[in-house]
Amino acid sequence: MNDPEKLAAHNRKIAKNMMQSVFELASDLAGLGIFPEQAAKSRNAMPIHQRLGQIQQAIEQLRADLATLRGPYLGQQLQGLGVNQTSKNLQLHIGSGPYILDGWINLDIFPAQLSTNVLWGLPFTNGQCRYVFLSHLLEHLFYPTDAMGLLKEIHRVLEPGGIVRIVVPDIEQCLRAYQENNAAFFEQRVEHWGAGDGNATRLEHFLSYAGAGPDPAWLFEAHKFGYDFETLERALQRAGFKTIHRSQFMGSEHAALRVDEHSQVASAKFGDNYYSLFVEAQKE
Ligand SMILES: C[S@@+](CC[C@H](N)C(=O)[O-])C[C@H]1O[C@@H](n2cnc3c(N)ncnc32)[C@H](O)[C@@H]1O
């Protein structure tokens, strides 16, 4: 296999299969307790903890090797975008997916205008950005560690007075719809998002939306957490934001941030209501 794109997809698939295997390995070890080490000893075989240590070391070495590539990889892309350390007033669209906003730096995993992993931090110096927009990205990060890491990074790269607009699934509405047995909420969710075999129960909808129970191999793509306004507001406060308010679909006071309509999921509705929670925060 020589095609670099096919190789990249192949490598990602191997890593996903490994996530599944490592989870199953941990479950096996939990089930077997002291027996594997005793069996290894009686057979004069290498102890299990040594075998595990070798595997862990090989993974950490590979990660360390890959980490040395981040700088050149990002530097090359930023140069292509005409961004350097003195650039100002940048508009950063994080987790853009297929929705490319003109005049914005559209960032996602490969392939993207700026391909990166947000868990590495944002490749900008303090205060370079005027606006940051992220739609249906935050719930894909583990909370609180990774989500808080990103919110703090956003606060760092925003200039004083700069604004972040965040769109996430509104879990409070989902809970209300469950409680009220709101058929429109769940039926229209299938139209917008699909739902397994199409026969998902309200609880299955809720749990996949709110971030519970994906297979380990699908952890990257799956929702890992869910937000209501109270929780997102508190997370933003902990990241350093003081002025935070709930917004509406396309309801930003800032013309540059009236961009929700470019995202199919941010635009998704049931009846007259949107599935999403829209929040803006300003850096002092
Ligand atoms: C549900 S899609 C949302 C796409 C688009 N923003 C929208 O509103 O439809 C989530 C996006 O976040 C990206 N994403 C998830 N985790 C990421 C990470 N660690 N680094 C960069 N992008 C990530 C995914 O690749 C995907 O494009």
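The rules behind each value
Residues numbered from 1 in each chain as written. Predicted model: local features only at pLDDT ≥ 70, side-chain atom pairs only at ≥ 80, totals over all residues. Heavy atoms only, no water. Domains from an automatic or database assignment. Buried area = accessible area lost by both parts, 1.4 Å probe. Salt bridge = Lys/Arg side-chain N within 4 Å of Asp/Glu carboxyl O. Polar contact = N/O pair within 3.5 Å; in protein donor to acceptor, adjacent residues only side chain to side chain. Helix = DSSP H or I, 4+ residues; strand = E, 2+ residues; numbered from the N terminus. Buried < 20%, exposed > 50% of the residue type's maximum accessible area, 1.4 Å probe, protein only. Contact = heavy atoms within 4.5 Å. Pairing = 2+ DSSP bridges. Patch = residues over 30% accessible without salt bridge, like charges linked within 9 Å, V, L, I, M, F, W, Y side chains within 5 Å. Areas by Shrake-Rupley, 256 points an atom, 1.4 Å probe, with all protein chains shown as cover. Core = buried A, V, L, I, M, F, W, Y, C linked by side-chain atoms within 4.5 Å. Phe/Tyr/Trp six-rings, centres within 6.5 Å; stacked < 30°, edge-to-face > 60°. Near = heavy atom within 4 Å. Nonpolar A, V, L, I, M, F, W, Y, C, P; charged D, E, K, R; others polar.

Visitor: What is the right way to look at the domain arrangement of the protein in this model?
Guide: Many structure descriptions define interface size as the accessible area lost when the parts assemble. Examined at the domain level, the protein breaks down into domain 1 (4-76) and domain 2 (87-172 + 220-282). Each of domain 1 and domain 2 has a C-alpha centre, and the two are 32 Å apart. For the pairing of domain 1 and domain 2, the buried interface totals around 730 Å² over both sides, and the portion due to carbon and sulfur atoms is 61%. Applying the counting rule to domain 1 against domain 2 returns 2 salt bridges. For Arg12, the salt bridge goes to Glu221, with nearest N and O atoms at 3.2 Å. Linking domain 1 to domain 2 there are 2 residue pairs in polar contact (both at pLDDT 80 or more).

Visitor: Would you mind going over the pattern of salt bridges with me for this structure?
Guide: A side chain of one charge can pair with a side chain of the opposite charge if their charged atoms are brought near each other. The full count for this structure, using the stated rule, is 7 salt bridges. Two residues, Arg176 and Glu172, come together in a salt bridge whose shortest N-O distance is 3.2 Å. Taken as a pair, Arg176 and Glu172 lie in helix α5 (residues 171-180) at a separation of 4 residues, close to a single helical turn.

Visitor: Explain the side chain of Ser135 to me, please; I cannot follow it from the model alone.
Guide: With respect to the helices and strands, Ser135 occurs in strand β4 (residues 129-135). Take Ser135: its relative accessible area is 8%, and that puts it in the buried class. A polar atom in the side chain of Ser135 sits 3.4 Å from the side chain of Ser263. If near-sequence neighbours (up to four positions away) are discounted, Ser135 is found in contact with Ile94, Gly95, Val167, Ser263, Val265 and Ala266.

Visitor: Hey, could you run me through the sheet that holds strand β9 (residues 276-282) in this one?
Guide: For sheets, the rule is that strands pair by backbone hydrogen bonds, running either parallel or antiparallel. Here 7 strands make up an open sheet; going across it, the order is β3-β2-β1-β4-β5-β9-β6 and the pairing mixed. Bordering the open sheet on either side are β3 (114-115) and β6 (243-247), each of which pairs with just one other strand. The sheet contact formed by β4 and strand β5 (residues 158-169) spans 6 bridges and is parallel. Of the residues in β5, the one forming a bridge with Val132 is Val164.

Visitor: Would you mind showing me how to read a nonpolar patch on the surface here?
Guide: Residues Ile14, Met18, Ile55 and Ile59 make up a contiguous nonpolar surface patch of roughly 320 Å² in combined accessible area. The set of elements that each furnish at least two residues to the nonpolar patch consists of α1 (4-32) and α3 (48-80).

Visitor: Could you clarify how one ought to interpret the nonpolar core in this entry?
Guide: Most often, soluble globular proteins have nonpolar side chains that are buried together. Counting residues in hydrophobic clusters, the biggest one holds 39 residues, and the most contacted among them are Ile94, Leu138 and Ile154. Sorting the residues of this core by element identifies α3, β1 (90-94), β2 (105-108), β4, α4 (145-157), β5, α8 (229-238) and β9 as the ones contributing at least two each. Considering every element that reaches this core, the biggest residue donor is α4, with 6 residues. Ignoring any residue separated from it by four or fewer positions in sequence, one finds Ile94 in contact with Leu107, Val118, Leu122, Val132, Phe133, Leu134, Ser135, Leu137, Leu150 and Ile154.

Visitor: In this structure, what is going on with the packing of aromatic side chains? I would like to understand it.
Guide: Geometry of an aromatic ring pair is reported as the spacing of the ring centres plus the angle between the planes. Per the stated rule, a full pass over the model turns up 11 aromatic pairs. Measuring from ring centre to ring centre gives 6.2 Å for Tyr274 and Phe278, while their planes differ by 85 degrees; the resulting arrangement is edge-to-face. Relative accessible area serves as the criterion here: at 22%, Tyr274 is assigned to the partly exposed category. Classification of Phe278 as buried rests on a relative accessible area of 3%. One aromatic cluster is present, built from ring pairs that chain together Phe185, Phe186, Phe270 and Tyr275.

Visitor: Looking at this structure, I do not really get the pairing of β9. What am I missing?
Guide: Two faces belong to every sheet, and in a regular strand the side chains alternate between them. Counting buried positions along β9 yields 6 of 7 residues, so the element is predominantly enclosed. Both β5 and β9 contribute to a ladder of 7 bridges, which runs antiparallel. Within β9, the residue paired with Val168 across the bridge is Leu277. Here β6 pairs with β9 via 5 bridges, running antiparallel. The partner of Thr243 across the bridge, within β9, is Gln282.

Visitor: Even after reading the chapter, I still don't get the site of the ligand, so can you show me in this structure?
Guide: In the neighbourhood of the ligand, 16 residues make up the surrounding shell, with Gly95, Asp108, Asn117, Ser135 and Ser263 lying closest. A distance of 2.6 Å separates a nitrogen atom of the ligand from a polar backbone atom of Gly95. In this structure, Asn117 approaches the ligand through a side-chain N or O atom, which is 2.9 Å from a nitrogen atom. Burial of the ligand by the protein amounts to 85% of the accessible area it has alone, namely 590 Å². Residue composition of the shell around the ligand, by class: 6 nonpolar, 9 polar and 1 charged.

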